[in-house]
Amino acid sequence: MSERRRLLVVGAHSADFVWRAAGAIARHTAAGGEAIVVALSYGERGESGELWKQPGQTEENVKKIRHAEAEQAATAVGARLEAFDLGDYPLEVGAEGLRRLTDLMRDFAPHVVLTHPERDPFNPDHPVAHAAVQRARLMTSGAVVASGFTTAPPSEFLVFEPHQPELCGFVPTVYVDITPVFERKVEAMSAMAAQVYLQEYYKQRAEQRGNHARKVTGDSAIRHAEAFQRLLPNVVGTL
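Just so you know, these numbers come straight off a predicted model, no measurement behind them.

Enquirer: So what exactly am I meant to see when it comes to empty space enclosed by the protein here?
Expert: Rolled over the atoms, a probe as big as a water molecule pinpoints where empty space is left. All chains considered together, the criterion is met by 2 cavities of 30 Å³ or more. What the largest cavity holds in volume is close to 70 Å³. In terms of lining residues, the largest cavity is bounded by Trp19, Arg20, Glu161, Lys185, Tyr202, Arg205, Ala206, Ala225, Glu226 and Ala227. Roughly 60 Å³ of volume is contained in the second largest cavity. Looking at the second largest cavity, the residues that line it are Met105, Pro110, Val113, Arg137, Thr140, Ser141, Ala152, Pro153, Pro154 and Ser155. Taken together, the residues of the lining of the second largest cavity sort by class into 6 nonpolar, 3 polar and 1 charged.

Enquirer: What exactly am I supposed to notice about the packing of helix H1 (residues 16-30) against helix H6 (residues 182-191) here?
Expert: Packed helices, taken two at a time, are described by the angle their axes make and the gap between the axes. Across the interface, H1 lies against H6 with an axial gap of 9 Å and an inter-helix angle of 135 degrees. Relative to H6, the element H1 is oriented oblique. Considering the relative orientation of H1 and H6, their crossing is right-handed. Along the contact surface, H1 presents Val18, Trp19, Arg20, Ala22, Gly23, Ala26, Thr29 and Ala30, while H6 presents Arg184, Lys185, Ala188 and Met189.

Enquirer: Hey, could you run me through the layout of surface pockets in this one?
Expert: What the largest pocket holds in volume is close to 290 Å³. The wall of the largest pocket is formed by 15 residues, among which Leu7, Ala24, His28, Val112 and Val176 lie closest to the centre. Those elements giving two or more residues to the lining of the largest pocket turn out to be strand S1 (6-11), H1, strand S4 (112-115), strand S5 (156-160), strand S6 (174-177) and strand S7 (225-230). The element best represented in the lining of the largest pocket is H1, accounting for 3 residues.

Enquirer: What should I look at first to understand unusual backbone geometry in this one?
Expert: Most peptide bonds take the trans form, and the phi angle of most residues other than glycine is negative. With an omega of 10 degrees, the peptide bond running from Tyr89 to Pro90 counts as cis. The residue Pro90 is located in the loop between strand S3 (80-83) and helix H4 (94-108) in this model. Non-glycine residue Asp85 carries a positive phi angle of around 55 degrees. For Asp85, the position within the fold is in the loop between S3 and H4. Under the relative-accessibility criterion, Asp85 is labelled partly exposed at 35%. Phi is positive for Tyr89, which is not a glycine, with a value near 45 degrees. Along the polypeptide, Tyr89 turns up in the loop between S3 and H4.

Definitions and limits used
Residues numbered from 1 in each chain as written. Predicted model: local features only at pLDDT ≥ 70, side-chain atom pairs only at ≥ 80, totals over all residues. Heavy atoms only, no water. 1 Å grid on protein atoms, 1.4 Å probe; cavity = no way out; pocket = protein on both sides within 12 Å on 5 of 7 lines; lining within 4 Å. Points joined across faces, edges and corners; volume = space filled by probe spheres on them. Nonpolar A, V, L, I, M, F, W, Y, C, P; charged D, E, K, R; others polar. Axes fitted to C-alpha atoms, helices over the stretch in contact; angles between N-to-C directions. Helix = DSSP H or I, 4+ residues; strand = E, 2+ residues; numbered from the N terminus. Parallel < 35°, antiparallel > 145°, perpendicular 65-115°, else oblique. Left-handed = near helix turned anticlockwise from the far one by under 90°. Contact = heavy atoms within 4.5 Å. Buried < 20%, exposed > 50% of the residue type's maximum accessible area, 1.4 Å probe, protein only.

Dropping the structure here:
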């Protein structure tokens, strides 16, 4: 029996994996793969505006709500949630957070890692998440040389689509057809009640990327897709 494929998705905030990669996660798990989604923070300060409209709201209560939402969304796409609760706006990963992320990567040994692009002029937490993931990934593999600590094979490294792709230097190189699991992405998005305003936007984005994927492949059955950018070359045996 072939080894189960493992996918690790790391977001700065608890809803990031939902908008940008829930479809790809659902396709991965539907095919028998294993997935972990990491929320470095809950986005309790900068991405929970609807919750803060409630009288007497507290930061701890917002965190509890966001955790429950993210857990429900992760379940909808067959993934396991790991919440680091490092705080947001600003997100500061620090030495302990980096160690936790590196240890998780070594233990899980993902075949593929997804996170934010390194540039985002509108969200200061996203580049911080990218830098932490990039560094943890390198420490996980130990530069593929004998090391004084446990290592894991280097993973494929991709970034998911940001909210404003053109302004973040994001150029898609991989499209994932999420048509068969689109309703699971909708279910995951519906769980994020603190950011209802993004649900219609990302339904439309999935349709737009589906249009692009149809043109690339000629497959008229593709209706919804997600876009990713590969950061490292893909090595193949033959063309």
